[in-house]
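Remarks on the overall topology
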Amino acid sequence: MNSSPQASPSGSDRGAASDIAEHARPTTAESIISLRGVRKTYFRGKEPIHVLQDLDLEVPVGGYEALMGPSGSGKSTLLNLIAGLDRPSAGSLLVAGADLGAMSDSQLARWRANTIGFIFQAYNLMPVLTAVENVELPLLLTKLSASERKRRAQTALRIVGLEDRMHHYPRQLSGGQEQRVAIARAIVNDPQVLVADEPTGDLDRQSADEILTLLERMNRELHKTIIMVTHDPAAAERAHITRRLNKGQLI
Amino acid sequence: MIPIAYNLRSLAVRRTTTLASVLGIGLVVFVLAGALMLSAGIKQTLGRSGKSDIAIVLRKGSDAEMASSIESPTLGLILSAPGVKKDASGSPLGIGELLIVATMDKIGVDGVSNVQIRGVPEQVGRFRKGLQIVDGRAAQPGTDEVIIGQRLRGRFKGLDLGQSFDLRKNRPAKVVGVFAYEGSSHESEIWADIDTVRQAFGRAGLFSSVRVQLSSPSQFDAFEAVIEGDKALGLDALREDRYYEKQSEGTSIFVTGLGVVIAVIFSIGAMIGAMITMYASIASRSREIGTLRALGFSRPAIMISFLLEALALALSGGLLGIALSLCLGTVRFSMMNFASWSEIVFSFSPTPGILLSALVFAGLMGLFGGLFPALRATRISPLSAMRD
Amino acid sequence: MRLSSLSVRNVWRNRLRALLTVLGIAVAIVAFVLLRTVLSAWTVGAEASAKDRLGTRNKVTFVVPLPKRYIETIRQVPGVVDASYASWFGGKDPRHENEFFASMAVETKTLFSVFDELVVPPADRERWLNNRKGALVGDVLAKKLGWKVGDTVTLQGSIYPGDWQFQIEGIYSSTRKVVDRSSFFFHWDYLNDSLPEGSPQRDRIGWVTTRIRDPLQAGAISQAIDRAFDEQEIQTLTMSERAMNLSFLGMVSAVLKAIDLVSLVILFIMMLILGNTIAMSTRERTREFGVMRAIGFLPHHIALAVLIEAIVIGGLGGGLGLVLSYPLVERGMGRFIEENMGSFFPYFRISEGTAVAALVLALLLGLSAGLLPAYRAARLNVIDSLRRAG
């Protein structure tokens, strides 16, 4: 039994690409993220809760934006929408040329694998995998050969400065190191957009600064568009723009 | 002490896991109780067949009536032995019978099985007072009419009221009645006229066994001394209850043995299941346990609390298993009795002792399965309350 | 690295639980193998019975024997190569009251041509054939009761009352594993000549065993034999050795069915243990699955990862159980049972079929125990599982 996901039927990637192309629509050349009139409503029982209301947002290619706001303001929901984890209740949502609102779950999954790099507050590394294996994980979804996957994972670890910790397990790393492994995992498949959910929330000041510097490099040197939700004003300061959300609206 | 409601609720929270463990333990208890109930049923059926104030006389060296033969004239000698009770008219209470094992076609499954045919004399009712015709009528003495035990009904071709079967070629026997006999193994027999059986099976002038009613159970020794004292007769005397006990020994040991071996192996599995559940339950509650410790509950209190949780888990399984096993009450289990090579129908008979021991068994499984996890729980530090 | 190695490593993540689960499955497999072996040991006699042998006995009851002259008629039936008769003696050694063994009076001159699987040293065979009071005993029985060639043995008869003396002249073993090696054979002539003139037991034989030329003709020849006695005072029932053994199995069919049922219950218990473990470990990893889904893994990847984990545990447990079964079932119980219950279970060994079935079932059960947790894990809502701590 070949359990490797890269064994999925050949051509699926091409399929995904054409799916995405179908849902593409013309955008302003410099916007990679474009939200128009986006609304998100959850239901608690029968009672609707409007988390996001008529939200408009344009993020240029290569942008680095921070989202701030009190808890319950909808910033995580907004991040989930941009990352293709969720679909808007109304309005249009274009990210990297794809109309996310019109895509199926599996189309979204394939799209995420190609387009989005995730960075979480709790790092979320697989404890049973070594650093290099954790970085390699997203590459299992590609058709790359085992040696090529390994080479790319090592390159990504070198970029975040952890080539000497390659074979350590997450529990053998410090929080800052774990987050750097997570960043390596986020960039290993060369996505256009990085979404970071409180990437420094669990870190001390010094590690937090290192992570922020690293994100800055990702933005500047690798031209990744970064959307970062944070509570930390020092983190927000590093972004090009800080947007504030309150009660589901940008202010 | 930590209230047991705390444990019960946490069992309820982990519904699937709890249910899986309860079901596992329940099945183990079911198998154990089932085997014990069957074994008790075998002993009961054969035990009911025997009484301590009846003596049975067989050919020396014969373990079973089937393999024994006694010449007709010997009957008078046996009846005149001391200790034999006499009826109002002064004649001794005793009976000579001829037992044959016949091959019959089974109904429902393709195959044959052995059934015992008992040839009884005309005045059988005088000795065998427990006999009760439950359907049809008694057989006409001196004819080829037979009556069958109620447990045989519908299990063999030709064995039901109004039907007939061949004793030998061109000699059909007609079933005219169905009898009950105090739930004993006689209910798996066919009863025919002794002369019919003698003729049909070429056993002229022979009995298989002679039974006598003793005037009291204590008279047995005197009776035995006279019967076995006469070496020329070559006979053995046994108490009837002891005889049937020996008959059931092989079969019931086999069932009990197999049942217990299986239950013990199973219980290891079930204990492991309970252990897994308890470890998981404790691991996911280390913060809670730490808080309890921080609040001032002692290690023994924690230990007891988790042992009780394991016990509750196991006892619910035990009750489930017992409930399942009680459903076996209506099942008739037909199997060969190794001593007579013929089929006897047994039922599962639940006794309070069996149910109690099954429950105790479940409780022990819970306690042993919960011991190590509970010990681990006591080692959780109050500091766990503070950690994430 | 592959997705499957992630699963395999996750198995080992909670070592205690993995160990307990593997052990639990191993125990269940041991119980399963034991029960299946009881079943197969019971049926092995029927399955391995000689195809070219028929048995003839009284149609109505095995308690009443056949007239001896029947043997001549049977030998005349076309297709019959040879026939040998025997009577059940049912004796006991008074020094070993509780040891049951089969004792039979046999026709000596035809015994070895009909039962060609019996192996006796030629010298022993000669001596036994020439000594009217000689006995031929199975090696298992001889070992158990401590008999040697040359010993004098007294058996107490029940069907044939009295004390009977024999000299052990030979010890047999068998080329076929399923033959009862605890039987006691002696000369039928010795038995018959010792009975008083006019005894109803004289010149009677318990049954006749026939060797036939063509096993395919077994049915026709059986009918021909029975037809020959149709108008006689005692009718016969002739069956192939296999059919005879099967009809014995029919008498214990309820026990066999119960054992069968219990072995199914074991499988179910095993599935509960395994399913429980898998369900717990997937629940603890909800968040990891959420991360994988976010990264772009599809629900079927997650399901596959869970299933592989379940199958690995099932396979480990099955393998360990099988390894434990051999010493426990064969060395421990098998030897005891073959020696003490040889007439019911002459060959108590784990069959290849049982071993393979145990392993395959362990894997299949792993698979089915993993189905529900896999389904649940695959259906997790990505956002919810990312949010959930631990």
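Along every chain, residues carry numbers that run from 1 in the direction the sequence is written. Note on labels: chains are lettered from A, ligands numbered from 1, in written order. Local features in this predicted model are restricted to residues whose pLDDT is 70 or higher, and side-chain atom pairs enter the listing and the counts only when it is 80 or higher, whereas totals over whole chains, interfaces and linings include all residues. Side-chain descriptors were evaluated using all non-hydrogen atoms of the structure, hydrogens and water having been removed beforehand.

**Overview of the side chain of Asp232 of chain A**
Residues and elements named next belong to chain A. Helix and strand assignments come from DSSP, with helices taken as H or I runs of at least 4 residues and strands as E runs of at least 2, each series counted from the N terminus. Its location among the elements puts Asp232 in the loop between strand E8 (225-229) and helix H8 (233-238). To sort residues, take the accessible area from a 1.4 Å probe on protein chains only and compare it with the maximum for the residue type: under 20% means buried, over 50% means exposed, and anything in between is partly exposed. Residue Asp232 is classed as buried on the basis of its relative accessible area of 16%. A distance of 3.2 Å separates polar atoms of two side chains, one belonging to Asp232 and the other to Arg205. With residues near it in sequence (within four places) discarded, Asp232 still touches Met68, Thr200 and Arg205. N or O atoms within 3.5 Å of each other form a polar contact, as long as, within protein, one can give a hydrogen and the other can take it, and as long as residues adjacent in sequence are counted only when both atoms are side-chain atoms. In this analysis, two residues are considered to be in contact whenever any of their non-hydrogen atoms come within 4.5 Å of each other.

**Points about the packing of aromatic side chains**
Here is the rule: rings of Phe, Tyr and Trp (six-membered ring for Trp) pair when centre to centre is within 6.5 Å. Planes less than 30 degrees apart are stacked, more than 60 are edge-to-face, and the remainder are tilted. If you walk through the whole model with that rule in mind, you get 20 aromatic pairs over all chains. With centroids separated by 6.4 Å and ring planes inclined at 90°, the aromatic side chains of Phe89 of chain C and Phe166 of chain C adopt a geometry described as edge-to-face. On the criterion of sequence distance, the pair formed by Phe89 of chain C in the loop between strand E3 (80-88) and strand E4 (102-106) and Phe166 of chain C in strand E8 (residues 162-174) is long-range, its members being 77 residues apart. Exposure class is identical for Phe89 of chain C and Phe166 of chain C. Each is buried. A network of ring pairs unites the aromatic residues Phe89, Phe101, Trp147, Tyr160, Trp164, Phe166, Phe184, Phe186 and Tyr190 of chain C as a single cluster. Both a distance and an angle decide whether a charge sits over a ring: NZ of Lys or CZ of Arg must be within 6 Å of the ring centre and within 35 degrees of the ring normal. Of note, Arg198 of chain B hangs over the ring of Phe207 of chain B, and the distance from its end group to the ring centre comes to 4.6 Å.

**Re the packing of helix H1 (residues 4-13) of chain B against helix H9 (residues 299-326) of chain B**
In a packed pair of helices, the relevant descriptors are the angle between the two axes and the axis-to-axis distance. Residues and elements named next belong to chain B. Only the contacting stretch of a helix is used when fitting its axis, a line to C-alpha atoms as for every element, and angles between N-to-C directions run 0 to 180 degrees. At a minimum axis distance of 9 Å, the contact between H1 and H9 shows a crossing angle of 50°. By the angle class used here, H1 and H9 are oblique. Of the two elements, H1 crosses H9, and the hand of that crossing is right-handed. Of H9, the residues touching H1 (which contributes Ile4, Tyr6, Asn7, Leu8, Ser10 and Leu11) are Ser305, Phe306, Leu308, Glu309, Ala312 and Leu313. Working rule for angles: under 35 degrees goes down as roughly parallel, over 145 as roughly antiparallel, 65 to 115 as roughly perpendicular, anything else as oblique. By definition, turning the near helix anticlockwise from the far helix through less than a right angle yields a left-handed crossing, and turning it clockwise yields a right-handed one.

**Overview of the arrangement of the chains**
The pair of protein chains exhibiting the most contacts, out of 2 pairs of chains in contact, is chains B and C. The closest approach of any C-alpha atom in chain A to one in chain B is 12 Å; the two make no contact.

**A short note on the nonpolar core**
Inside soluble globular proteins, nonpolar side chains tend to come together where they are buried. To qualify as a nonpolar core, a set must consist of buried Ala, Val, Leu, Ile, Met, Phe, Trp, Tyr and Cys residues joined through side-chain atoms within 4.5 Å. Counting residues in hydrophobic clusters, the biggest one holds 156 residues, and the most contacted among them are Ile33, Leu35, Leu78 and Leu137 of chain A, Phe266 of chain B together with Trp42 of chain C. Not counting residues up to four positions away in its chain, the partners in contact with Phe266 of chain B are Val28 and Val31 of chain B together with Ala31, Val262, Val265, Ile266 and Ile269 of chain C. Ala81, Ile100 and Ile194 of chain B together with Trp147 of chain C belong to the second-largest nonpolar core, a separate cluster that totals 80 residues.

**Some words on the interface of chain C and chain B**
The extent of an interface is frequently quoted as the accessible surface area lost upon association of the parts. Listed per partner, the contact involves 53 residues of chain C and 53 residues of chain B. Of the roughly 4500 Å² buried at the junction of chain C and chain B (both faces included), carbon and sulfur atoms supply 73%. The tally of links between chain C and chain B comes to 1 residue pair in polar contact (both at pLDDT 80 or more). Going through the elements one at a time, helix H2 (15-47), strand E7 (152-157), helix H9 (241-251) and helix H10 (253-284) of chain C are the ones with two or more residues in the side of chain C that touches chain B. Among the elements that make up the side of chain C that touches chain B, the one with the highest residue count is H10 of chain C (16 residues). Looking at the side of chain C that touches chain B residue by residue, the classes come out as 32 nonpolar, 12 polar and 9 charged. Joining two parts hides part of their accessible area as seen by a 1.4 Å probe, and the buried area is that hidden amount summed over both. Amino acids are sorted into nonpolar (Ala, Val, Leu, Ile, Met, Phe, Trp, Tyr, Cys and Pro), charged (Asp, Glu, Lys and Arg) and polar (every other residue, Gly among them).

**Topic: the domain arrangement of chain C**
Assigned domains of chain C: these are domain 1 (3-46 + 253-389) and domain 2 (65-233). Using only C-alpha atoms to locate each centre, domain 1 of chain C and domain 2 of chain C end up separated by 48 Å. Residue ranges for the domains originate in an automatic or database domain assignment.

**Digging into the confidence of the model for chain C**
Confidence scores labelled pLDDT are given residue by residue by the predictor and lie between 0 and 100. Across chain C, the average pLDDT comes to 86, with 95% of residues at 70 or higher. The complex prediction reports pTM at 0.75, with the ipTM value standing at 0.83.

**Some details on unusual backbone geometry**
All names here are of chain A. One non-glycine residue, Asn124, lies in the positive phi region at around 55°. The residue Asn124 is located in the loop between strand E6 (116-119) and helix H4 (131-136) in this model. Positive phi outside glycine occurs at Asp190, with the angle close to 55°. One can find Asp190 in the loop between helix H6 (175-187) and strand E7 (193-197).

**Let's talk about the interface of chain C and chain A**
Taken together, the contacts link 24 residues of chain C with 30 residues of chain A. Together, the buried faces of chain C and chain A total about 2600 Å²; carbon and sulfur atoms form 68% of this surface. In terms of surface lost to chain A, no three residues of chain C exceed Met1, Arg9 and Ile295 of chain C, which account for 27% of the buried area on that side. One speaks of a salt bridge when a side-chain nitrogen belonging to Lys or Arg is within 4 Å of a carboxyl oxygen belonging to Asp or Glu. One can count 1 salt bridge joining chain C with chain A. A salt bridge links Arg9 of chain C to Glu133 of chain A; the nearest nitrogen and oxygen atoms lie 2.5 Å apart. For the side of chain C that touches chain A, the secondary-structure elements that each account for two or more residues are helix H1 (3-11), helix H11 (286-295), helix H12 (299-340) and helix H14 (382-387) of chain C. Tallying contributions element by element places H11 of chain C first for the side of chain C that touches chain A, with 7 residues. Split into classes, the residues belonging to the side of chain C that touches chain A amount to 14 nonpolar, 4 polar and 6 charged.

**Some points on the sheet that holds strand E5 (residues 98-99) of chain A**
Residues and elements named next belong to chain A. If DSSP finds at least two bridges between two strands, the strands pair. Strand order in the open sheet made by the 4 strands is E2-E1-E4-E5, with antiparallel pairing throughout. The strands lining the two open edges of the sheet, one partner per strand, are strand E2 (47-60) and E5. Pairing between strand E4 (residues 90-95) and E5: 2 bridges, direction antiparallel. Residue Leu94 lies in a different strand from E5, and its bridge partner there is Asp99.

**Looking at the domain arrangement of chain B**
Residues and elements named next belong to chain B. Assigned domains within chain B: domain 1 (4-47 + 247-387) and domain 2 (54-215). A separation of 46 Å is found between the C-alpha centroids of domain 1 and domain 2. Facing the 13 residues of domain 1 at the interface are 16 residues of domain 2. Of all residues in domain 1, Thr45, Glu343 and Val345 give up the largest surface area on contact with domain 2, accounting jointly for 48% of the area buried on that side. Here domain 1 and domain 2 share 0 salt bridges between them. Elements represented by at least two residues in the side of domain 1 that touches domain 2 include exactly helix H2 (15-48) and strand E14 (342-347). Its residues assigned to classes, the side of domain 1 that touches domain 2 comprises 6 nonpolar, 6 polar and 1 charged.

**A short note on the environment of Ala184 of chain A**
Residue and element names in this part refer to chain A. As for its placement among the helices and strands, Ala184 is situated in helix H6. When its relative accessible area of 0% is taken as the criterion, Ala184 is described as buried. Here the alpha-carbon distance between Ala184 and His223, two residues 39 residues apart in the chain, equals 15 Å. Leave out the neighbours within four places in its chain, and Ala184 touches Val135, Ala156, Leu157 and Val160.

**Some words on helix H8 (residues 218-228) of chain C**
Side chains of residues three or four places apart in an α-helix project in the same direction, reflecting 3.6 residues per turn. Residues and elements named next belong to chain C. Those residues of H8 that fall on the buried side of the exposure criterion are Ala218, Ile221, Ser222, Ile225 and Asp226. Seen along its axis, H8 keeps its buried residues to an arc of 135°; they face one direction. Facing away from the buried surface of H8 by more than 90 degrees, the exposed residues are Gln223 and Arg227. Arc, as used here, means the arc of the directions from the helix axis to the C-beta atoms.

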